[in-house]
Amino acid sequence: MAEYVANAVQTVAAGQNVLFTDDVDPCRRGYVWHRAGSGLFTLRGIVNNPSSCAAKYKVSFGANVALATGAAIAPVSLALAIDGEPIPTS
């Protein structure tokens, strides 16, 4: 299982990516590609069965989220996105 993390505190503007700075356990088979220092990942649909045309991935994300010091209280949310479009169920 590939693992990518970012342990340093980040200030993330609305609509921007959380940057993953460390590839703790990168995928060495080419199924998951991460551009170093970015929040961009590519999941390749490689399957062992040629008659199957889809691959499934389980993506887990955990974070400690807070408003910046002095910021007005407001709702905060994070979402996974595909090609920049947030996935509502994420």
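Residues numbered from 1 in each chain as written. Predicted model: local features only at pLDDT ≥ 70, side-chain atom pairs only at ≥ 80, totals over all residues. Heavy atoms only, no water.

### A few points about the packing of aromatic side chains
Okay, so step 1: Counted according to the given criterion, the structure contains 3 aromatic pairs.
Okay, so step 2: Aromatic side chains Phe20 and Phe61 sit 6.3 Å apart centroid to centroid with 70 degrees between the ring planes, which places their arrangement in the edge-to-face category. Of the two residues, Phe20 sits in the loop between β1 (3–5) and β2 (22–25) while Phe61 sits in the loop between β4 (41–43) and β5 (81–82), which places them 41 residues apart along the sequence.
Okay, so step 3: Under the relative-accessibility criterion, Phe20 is labelled buried at 14%.
Okay, so step 4: A residue is classified by how much of its surface remains accessible, and Phe61, at 41% relative accessible area, is partly exposed.
Okay, so step 5: Taken together through their ring pairs, the aromatic side chains of Tyr4, Phe20, Phe41 and Phe61 make up a single cluster. (Phe/Tyr/Trp six-rings, centres within 6.5 Å; stacked < 30°, edge-to-face > 60°. Helix = DSSP H or I, 4+ residues; strand = E, 2+ residues; numbered from the N terminus. Buried < 20%, exposed > 50% of the residue type's maximum accessible area, 1.4 Å probe, protein only.)

### Digging into the side chain of Ser38
Okay, so step 1: Tracing the chain through its elements places Ser38 in the loop between β3 (32–34) and β4.
Okay, so step 2: Among the polar contacts made by the side chain of Ser38, one reaches the main-chain carbonyl oxygen of Arg35 at a distance of 2.6 Å.
Okay, so step 3: Setting aside residues up to four positions removed in sequence, Ser38 forms contacts with Val18, Leu19 and Phe20. (Polar contact = N/O pair within 3.5 Å; in protein donor to acceptor, adjacent residues only side chain to side chain. Contact = heavy atoms within 4.5 Å.)

### Some words on the side chain of His34
Okay, so step 1: Note on placement: His34 falls in strand β3.
Okay, so step 2: In this structure the side chain of His34 is engaged in a polar contact, spanning 3.0 Å, whose partner is the side chain of Asp23.

### Looking at a nonpolar patch on the surface
Okay, so step 1: Nonpolar side chains collect at one region of the surface, where Phe41, Leu43, Tyr57, Val59, Phe61, Val65, Leu67, Ile73, Val76, Leu78 and Leu80 lie side by side and expose about 990 Å² of accessible area between them.
Okay, so step 2: Along the polypeptide, Leu43 turns up in strand β4. (Patch = residues over 30% accessible without salt bridge, like charges linked within 9 Å, V, L, I, M, F, W, Y side chains within 5 Å. Areas by Shrake-Rupley, 256 points an atom, 1.4 Å probe, with all protein chains shown as cover. Salt bridge = Lys/Arg side-chain N within 4 Å of Asp/Glu carboxyl O.)

### Remarks on the confidence of the model for the protein
Close inspection of predicted coordinates is inappropriate in any region flagged by low pLDDT.
Okay, so step 1: On average, residues of the protein score 86 in pLDDT, and 97% of them reach the 70 mark or higher.
Okay, so step 2: By mean pLDDT, the top-scoring element of the protein is β1 (91), and the lowest-scoring one is β5 (87). (pLDDT = per-residue confidence, 0-100.)

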